[in-house]
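# A closer look at the structure
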Amino acid sequence: MTALITPEDIAAHFTQPDGSYRFARWGRPLAPIVFGVEEETLPIVKGAIEAVAALAGQEVVETDPELGANLMVFFFRDWQELTGVPNLDRLLPELGPLVDRLDAAGATQYRAFRFDEAGAIRACFVFIRMAGDMLDLPAETLALGQAVQAILLWSEGAFASRSPLGRLENGNVILRPEIAMLIRAGYDPVLPAVAEDATHALRLFARVEASR
């Protein structure tokens, strides 16, 4: 049995703080680029992205024809470092106030999504401040968790109380089976790439149940 046993459980993963339901998946192949890590860590991060993309049936490519890179992952020690990244303020016009807000809150991670005309994900910016608990996570665990959170537009509280990852008896960390099934269901080609009606959760639930 999986932990996601009802449509309500699933809907909660896509219900925003204002109570609205909003689901979105990528509408194009992922073209990732990673900043701020050692060269030997790059394959770990990109491997996690490729693994989650494969689960979703999404292609990973070298270059997005419109943006160059559309999944940008930044690792850093201090939020203020972001203000010195060339042209980042052009991609994120709200960068200055955002950095100040995240810095004041002591945040260790943040994701900003951009959407195409249909509302599907066209770009995602992932920011990871290496401090506190983040420093204790193995690179594989950190990378997998971030890849999962970038593959769909989850609600802010989707993983606030429970990580999308689980640990096997041998200590290995894996994606929780019910979250894996939910990602697969979310990318079912029969379903829309964007949904703002909570009845969409019923359709996801039907596909999760069928995959058990």
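This structure is a prediction, so every number in the text was calculated from the model and none was measured.

## Considerations on the overall build of the protein
Tallying secondary structure elements over the protein gives seven helices and eight strands in all. A globule of 212 residues ought to have a C-alpha radius of gyration of about 17 Å, and the protein, at 17 Å, matches this closely. C-alpha atoms of the protein, sized along the principal axes, occupy 50 × 45 × 35 Å. Evaluated residue by residue, the protein yields a buried proportion of 46% over its 212 residues. Residue pairs in contact within the protein that sit at least 24 positions apart in sequence constitute 66% of those at least 6 positions apart. In the structure as shown, the protein presents an accessible area of about 10800 Å², 52% of it carried by carbon and sulfur atoms. The positive charge centre, built from 18 side chains, and the negative charge centre, built from 29, are 4 Å apart in the protein.

## What about the packing of aromatic side chains?
Aromatic rings considered in pairs are described by the distance between their centres and by the relative angle of their planes. Tallying each qualifying case throughout the model produces eight aromatic pairs. Between tryptophan 154 and phenylalanine 159 the ring centres are 5.0 Å apart and the planes differ by 65 degrees, which places this aromatic pair in the edge-to-face class. No difference in accessibility class separates tryptophan 154 from phenylalanine 159, as the two residues are buried. Sitting over the ring of phenylalanine 115, arginine 22 keeps its end group 4.3 Å from the ring centre.

## Describing the pattern of salt bridges
Applying the stated criterion to the full structure yields seven salt bridges. Arginine 176 serves as the salt-bridge partner of glutamate 178, at 2.7 Å between the closest nitrogen and oxygen. What you see here is one network of salt bridges that share partners, running through Arg28, Asp64, Glu66 and Arg122.

## Re helix α4 (residues 95-105)
Turning to α4, its buried residues number three or more, namely Leu95, Leu98, Val99 and Leu102. In an axial view of α4, the angular spread of the buried residues amounts to 100 degrees, which keeps them on one side of the axis. Projecting away from the buried face of α4 at angles above 90 degrees are the exposed residues Pro97, Arg101 and Ala104. In this structure, the buried residues of α4 make contact with α3 (88-91) and β4 (109-115). Positive backbone phi, approximately 70 degrees, marks glycine 106, located one or two places after α4.

## Observations regarding the nonpolar core
The biggest cluster of nonpolar side chains holds 51 residues, and the ones touching the most others in it are Phe14, Leu71, Ile151, Trp154 and Ile183. Elements supplying a minimum of two residues to this core: α1 (7-12), β1 (23-24), α2 (42-56), β3 (71-76), β5 (121-129), α5 (139-151), α6 (177-186) and α7 (200-210). Of the residues forming this core, the biggest block, seven residues, is contributed by α5. Not counting residues up to four positions away in its chain, the partners in contact with isoleucine 151 are Arg25, Trp26, Leu30, Val52, Ala53, Ala56, Ile121, Ile183 and Tyr187.

## Examining α6
The element α6 is largely enclosed, with a buried count of eight among its 10 residues. The set of residues buried in α6 consists of Glu178, Ile179, Ala180, Met181, Leu182, Ile183, Ala185 and Gly186.

## Some points on unusual backbone geometry
For asparagine 87, which is not glycine, the phi dihedral falls at a positive 70 degrees. Relative to the helices and strands, asparagine 87 is located in the loop between β3 and α3.

## Quick word on the sheet that holds β4
With mixed pairing, four strands are arranged side by side in an open sheet as β2-β3-β5-β4. Looking at strand neighbours, the two that pair on one side only are β2 (32-35) and β4, the edges of this open sheet. Taking each pair of neighbouring strands and ignoring which way they run, the sheet shows an average axis angle of 10 degrees. Pairing between β4 and β5: seven bridges, direction antiparallel. The residue of β5 that forms the bridge with tyrosine 110 is phenylalanine 127. The strands touched by α2 are β2 and β3; relative to β2, the strand with the most contacts, the crossing angle is about 145 degrees.

Cut-off values and rules
Sequence positions are assigned chain by chain, starting from 1 and proceeding in written order. Per-residue local features are limited, in this predicted model, to residues with pLDDT of at least 70; the limit for side-chain atom pairs, both in listing and counting, is 80 or more; totals at the level of whole chains, interfaces and linings are taken over all residues. Excluded from the side-chain calculations are hydrogens and water; all other atoms, namely the structure's heavy atoms, are used. Under the scheme used here, helices are H or I runs from DSSP no shorter than 4 residues and strands are E runs no shorter than 2 residues, and both carry numbers assigned from the N terminus. In this description the radius of gyration comes from C-alpha coordinates, and the expected globular size is given by 2.2 Å times residues to the power 0.38. Only protein chains enter the accessibility calculation, which uses a 1.4 Å probe. A residue is then buried if its area is under 20% of the maximum for its type, exposed if over 50%, and partly exposed in between. Note on contacts: a residue pair is in contact if any heavy atoms of the two residues lie within 4.5 Å. Calculation of accessible area relied on Shrake-Rupley with a 1.4 Å probe; when residues are assessed, cover is drawn exclusively from the protein chains displayed. Only four residue types enter the charge count, namely Lys and Arg as positive and Asp and Glu as negative; His and the chain termini do not. Just so you know, the charge point we use is NZ for Lys, CZ for Arg, CG for Asp and CD for Glu. Two rings from Phe, Tyr or Trp (for Trp, the six-membered ring) form a pair when their centres are within 6.5 Å of each other. A pair whose planes differ by under 30 degrees is stacked, one over 60 is edge-to-face, and the rest are tilted. Here, over-ring charges are defined by two tests on the NZ atom of lysine or the CZ atom of arginine: distance to the ring centre within 6 Å, and angle to the ring normal within 35 degrees. Salt bridge criterion: a side-chain nitrogen from Lys or Arg within 4 Å of a carboxyl oxygen from Asp or Glu. Here the arc refers to the directions that run from the helix axis out to each C-beta atom. Take the buried Ala, Val, Leu, Ile, Met, Phe, Trp, Tyr and Cys residues and link them wherever side-chain atoms come within 4.5 Å; each set so joined is a nonpolar core. Should DSSP find at least two bridges between two strands, the strands are taken to pair. Between N-to-C directions, angles cover 0 to 180 degrees, with each direction set by a line fitted to C-alpha atoms, over the stretch in contact for helices.

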